[in-house]
Amino acid sequence: MTIQTRTTELESVNTILSTIGESPLNTLSGSLPVDGTMAKNVLNEINREVQSMGWHFNTHNKATLSKDTNGKIPLATNVLRVELNPNRFSKSEFDIVQRDNYLYNLAKNTDVFTQDFDEVTLIYLLDFADIPEQAKRYITVRSARVFHDRTLGANTLHKFSLEDEQKSFAVLKPVSYTHLRAHETREDLVCRLLRGKK
């Protein structure tokens, strides 16, 4: 009996390639054919796009950020977004963004801080292997549609329909995302992502 396993990055890339009738790859290492490289790049691009929304599985709440000896606050290279607790830190005093691998305060135009920050929310970019199966499915279907449009054009028949993409997103929803824009419903978020740039 065959033991079923979770989707691998190679399987996702091969699913993407199948949308244009390309043969599957045996590996993602070494020199890849042009379409294989493009499929892998699209998968990575959409993986970042989806994870940057901030989901339960890639969100670390109540983190602490500490300044270094130069007063700067370094960030891990896989941090996609940083949010301070608005009940603890006023936006007029701390309007923070990421610049390079450091925290930057737009309110004071500086990357030097006089204090550490606790109760910080961090959104991380996880490796494809480390995300839930529901997220892998959605990312794969969306990547396949984007890849298909870029290689064959948006007016040709897709192997995966927009309905497939919406269904896979609906399955992902229970995994929970953490951040909506102001006055945005979950349905608005779904529509925004599905209308997102390719």
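Residues numbered from 1 in each chain as written. Predicted model: local features only at pLDDT ≥ 70, side-chain atom pairs only at ≥ 80, totals over all residues. Heavy atoms only, no water.

Caption draft 1: Molecular detail of the overall build of the protein chain. The number of helices and strands found in the protein chain is five helices and five strands. Starting at the N terminus and ending at the C terminus, the protein chain contains elements arranged as α-α-β-β-β-β-β-α-α-α. Split into buried and exposed, the 198 residues of the protein chain put 37% on the buried side. Considering only residue pairs separated by 6 or more positions, the protein chain has 67% of its internal contacts joining residues 24 or more positions apart. (Helix = DSSP H or I, 4+ residues; strand = E, 2+ residues; numbered from the N terminus. Buried < 20%, exposed > 50% of the residue type's maximum accessible area, 1.4 Å probe, protein only. Contact = heavy atoms within 4.5 Å.)

Caption draft 2: Spotlight on the pairing of strand β5 (residues 117-124). Bridge analysis of strand β1 (residues 59-65) against β5 gives four bridges, and the strand direction is antiparallel. Bridge assignment links Leu 65 to a residue of β5, and that residue is Phe 117. Note: strand β2 (residues 79-83) against β5, four bridges, orientation antiparallel. The residue of β5 that forms the bridge with Arg 81 is Ile 123. (Pairing = 2+ DSSP bridges.)

Caption draft 3: Here's a closer look at the nonpolar core. Core analysis: the largest hydrophobic core is formed by 23 residues, its most contacted members being Val 13 and Ile 139. Only α1 (9-18), α2 (34-51) and α3 (133-152) provide two or more residues apiece to this core. Tallying contributions element by element places α3 first for this core, with six residues. When sequence neighbours within four positions are dropped, the list of residues in contact with Val 13 reads Leu 25, Leu 28, Gly 36, Ala 39, Lys 40 and Leu 43. (Core = buried A, V, L, I, M, F, W, Y, C linked by side-chain atoms within 4.5 Å.)

Caption draft 4: Inspection of the sheet that holds β1 at higher detail. Taken in spatial order, the three strands line up as β1-β5-β2 in an open sheet, and their pairing is antiparallel. Pairing within the sheet leaves two strands with one partner each, and these edge strands are β1 and β2. Put simply, the sheet's adjacent strands are angled 40° from each other on average, direction ignored. (Axes fitted to C-alpha atoms, helices over the stretch in contact; angles between N-to-C directions.)

Caption draft 5: Local environment of the packing of aromatic side chains. According to the stated counting rule, one finds five aromatic pairs in the structure shown. Ring centres of Trp 55 and Phe 57 lie 6.3 Å apart, and the angle between their planes is 15°; on these two criteria the pair is classed as stacked. Across this residue pair, the class does not change: Trp 55 and Phe 57 are buried. Three or more aromatic residues joined by ring pairs make a cluster, and in this case those are Phe 89, Phe 94, Phe 113 and Phe 117. Just above the ring of Tyr 102 sits the side chain of Lys 72; from NZ or CZ to the centre is 5.3 Å. The side chain of Lys 108 reaches across the aromatic face of Phe 94, ending 5.7 Å from its centre. (Phe/Tyr/Trp six-rings, centres within 6.5 Å; stacked < 30°, edge-to-face > 60°. Lys NZ or Arg CZ within 6 Å of the ring centre and 35° of its normal.)

Caption draft 6: Region of interest: the side chain of Gln 51. Tracing the backbone through its elements, the reader meets Gln 51 in helix α2. Sequence-distant contacts of Gln 51, that is, excluding residues within four places in its chain, are made with Phe 57, Asn 58, Leu 80, Ile 123, Tyr 124, Leu 125, Leu 126 and Ile 131.

Caption draft 7: Highlighting the environment of Leu 43. Within the fold, Leu 43 resides in helix α2. On a C-alpha basis, the gap between Leu 43 and Phe 128 in space is 9.3 Å, while along the polypeptide they are 85 residues apart. Excluding residues that lie within four positions of it along the chain, Leu 43 makes contacts with Glu 9, Ser 12, Val 13, Ile 16, Phe 128, Ile 139, Thr 140 and Ser 143.

Caption draft 8: Main features of α1. Those residues of α1 that sit buried are Ser 12, Val 13, Asn 14, Ile 16 and Leu 17. Where α1 is buried, its residues touch α2 and α3.

Caption draft 9: Broad picture of α3. In this model α3 runs 28 Å from its N-terminal to its C-terminal C-alpha over 20 residues, within 8% of the 28 Å that 1.5 Å per residue would give. Positive phi shows up at Gly 153, right after α3, with a value of about 100°. (Expected span 1.5 Å × (residues − 1).)

Caption draft 10: Inspection of the pattern of salt bridges at higher detail. Taken as a whole and assessed by the stated rule, the structure comprises nine salt bridges. Two residues, Lys 108 and Glu 93, come together in a salt bridge whose shortest N-O distance is 3.4 Å. One end of the pair, Lys 108, is in the loop between β4 (102-105) and β5; the other, Glu 93, is in the loop between β2 and β3 (96-99), with 15 residues separating them in the sequence. Owing to a relative accessible area of 47%, Lys 108 belongs among the partly exposed residues under this scheme. Residue classification places Glu 93 among the partly exposed positions, given a relative accessible area of 38%. (Salt bridge = Lys/Arg side-chain N within 4 Å of Asp/Glu carboxyl O.)

The quantities given are spatial measurements derived from coordinates; they are silent on function.
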